[in-house]
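Residue-level structure breakdown
Here's the letter readout for the chains.
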Amino acid sequence: MDHSTHHSGTAHDRATPGGGHGHGHGAHEGHGGHRSGHGHGTTWATAVKATLHCLTGCAIGEILGMVIGTALMWGNVPTMALAITLAFAFGYSFTLFAVVRAGVSPKAAIKVALAADTVSIAVMELVDNGIIALTPGAMDAHLSDGLFWYALLGGFAVAFVITTPVNKWMIGRGKGHAVVHAFH
């Protein structure tokens, strides 16, 4: 996945005096004015793209964990633990593979992925799993029940709405998904 469409230019902006990119990344400058008038700002579009990137990895892991745990008739706690673990694993892997492809060593790429995605994934998982846990009957629903899927997908939707402003705030300060931009 190409992260260049997901992140603001704040990592490059700090590297070059006057906020210029200095690396000839003309394509990155067309992010729709991701710089605001107050330092390291970013647009909502950039935050939405970063959150969708994170949500994709989280959703794959979360759904896989819920499906496996439910299919094996595990209890709620082990199923949620598996789903959360896989959400983090898949969420990190999207960033990890892209950064390694950019020529970064695996050890350094792990540090970048942890810095880029930890808060975003954690907020997303807290919100999503909270909604699933608080939806009456959702934790006891089976894979064939609409309630299982409505709670899971509805949780993702609410998590997206709550996580996007968090990502916007972090990217605007050169943190979170902004650290990945330096590798494009």
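Residues numbered from 1 in each chain as written. Predicted model: local features only at pLDDT ≥ 70, side-chain atom pairs only at ≥ 80, totals over all residues. Heavy atoms only, no water.

1. Looking at the overall build of the protein
Along its length, the protein carries six helices and zero strands. Order of helices (α) and strands (β) in the protein, N terminus to C terminus: α-α-α-α-α-α. Within the protein, the proportion of its 184 residues that are buried is 45%. Excluding contacts between residues fewer than 6 apart, the proportion of contacts in the protein whose partners are at least 24 apart in sequence is 72%. (Helix = DSSP H or I, 4+ residues; strand = E, 2+ residues; numbered from the N terminus. Buried < 20%, exposed > 50% of the residue type's maximum accessible area, 1.4 Å probe, protein only. Contact = heavy atoms within 4.5 Å.)

2. Some details on the packing of helix α4 (residues 106–134) against helix α5 (residues 146–172)
Their axes nearest at 8 Å, the elements α4 and α5 cross at an angle of 150°. Of the possible angle classes, the one that applies to α4 and α5 is roughly antiparallel. Crossing of α4 over α5 shows right-handed handedness. On α5, the residues that touch Val119, Ser120, Val123, Met124, Val127, Asp128, Ile131 and Ile132 of α4 are Ala151, Leu152, Gly155, Phe156, Val158, Ala159, Ile162, Thr163, Val166, Asn167 and Met170. (Axes fitted to C-alpha atoms, helices over the stretch in contact; angles between N-to-C directions. Parallel < 35°, antiparallel > 145°, perpendicular 65-115°, else oblique. Left-handed = near helix turned anticlockwise from the far one by under 90°.)

3. Observations regarding the packing of helix α2 (residues 44–71) against α4
In helix packing, the relevant descriptors are the interaxial angle and the interaxial distance, both defined with respect to the helix axes. Where α2 meets α4, the axes come as close as 10 Å, and the angle between the chain directions of the two elements is 45°. By the criterion of interaxial angle, the relationship of α2 to α4 is oblique. The handedness of the crossing between α2 and α4 is right-handed. Only Ser120, Ile121, Met124, Glu125, Asp128, Asn129 and Ile132 of α4 make contact with α2, whose side of the interface consists of Thr51, Cys54, Leu55, Cys58, Glu62 and Met66. Counted by class, the contact of α2 with α4 contains seven nonpolar, three polar and three charged residues. (Nonpolar A, V, L, I, M, F, W, Y, C, P; charged D, E, K, R; others polar.)

4. Some points on α5
Here α5 contains 27 residues, and its C-alpha end-to-end distance of 39 Å stays within 8% of the 39 Å for a straight helix at 1.5 Å per residue. Its axis deflected by about 30° at Thr163, α5 carries its strongest bend there, up to four residues before the proline Pro165. Of the residues flanking the end of α5, it is Gly174, one or two places downstream, whose phi is positive at about 75°. (Expected span 1.5 Å × (residues − 1). Bend = angle between axes of the 7 residues up to and from the residue.)

5. Re the nonpolar core
Ranked by size, the top nonpolar core spans 23 residues in total, and within it Cys58, Met66, Met124, Ile132 and Leu152 carry the most contacts. A per-element tally of this core places α5 first, with six residues. Leaving out residues up to four positions away in the same chain, Met66 has contacts with Thr79, Met80, Ala83, Asn129, Ile132, Phe148 and Leu152. By size, the runner-up hydrophobic cluster in this structure holds six residues, among which are Val99, Val112, Ala116 and Val180. (Core = buried A, V, L, I, M, F, W, Y, C linked by side-chain atoms within 4.5 Å.)

6. Details of the packing of aromatic side chains
Scanning all chains against the criterion turns up two aromatic pairs. Judged by centre distance (5.8 Å) and plane angle (50°), the rings of Phe88 and Tyr92 are tilted. Separated by four residues within a single helix, Phe88 and Tyr92 lie in helix α3 (residues 76–101), roughly one turn from each other. Judged by its relative accessible area of 22%, Phe88 falls in the partly exposed class. Geometrically, the ring pair formed by Phe148 and Trp149 is edge-to-face, given 4.8 Å between the ring centres and 80° between the ring planes. Using a relative accessible area of 30% as the deciding quantity, one classes Trp149 as partly exposed. The ring of Trp44 carries Lys168 above its face, with NZ or CZ at 5.1 Å from the centroid. (Phe/Tyr/Trp six-rings, centres within 6.5 Å; stacked < 30°, edge-to-face > 60°. Lys NZ or Arg CZ within 6 Å of the ring centre and 35° of its normal.)

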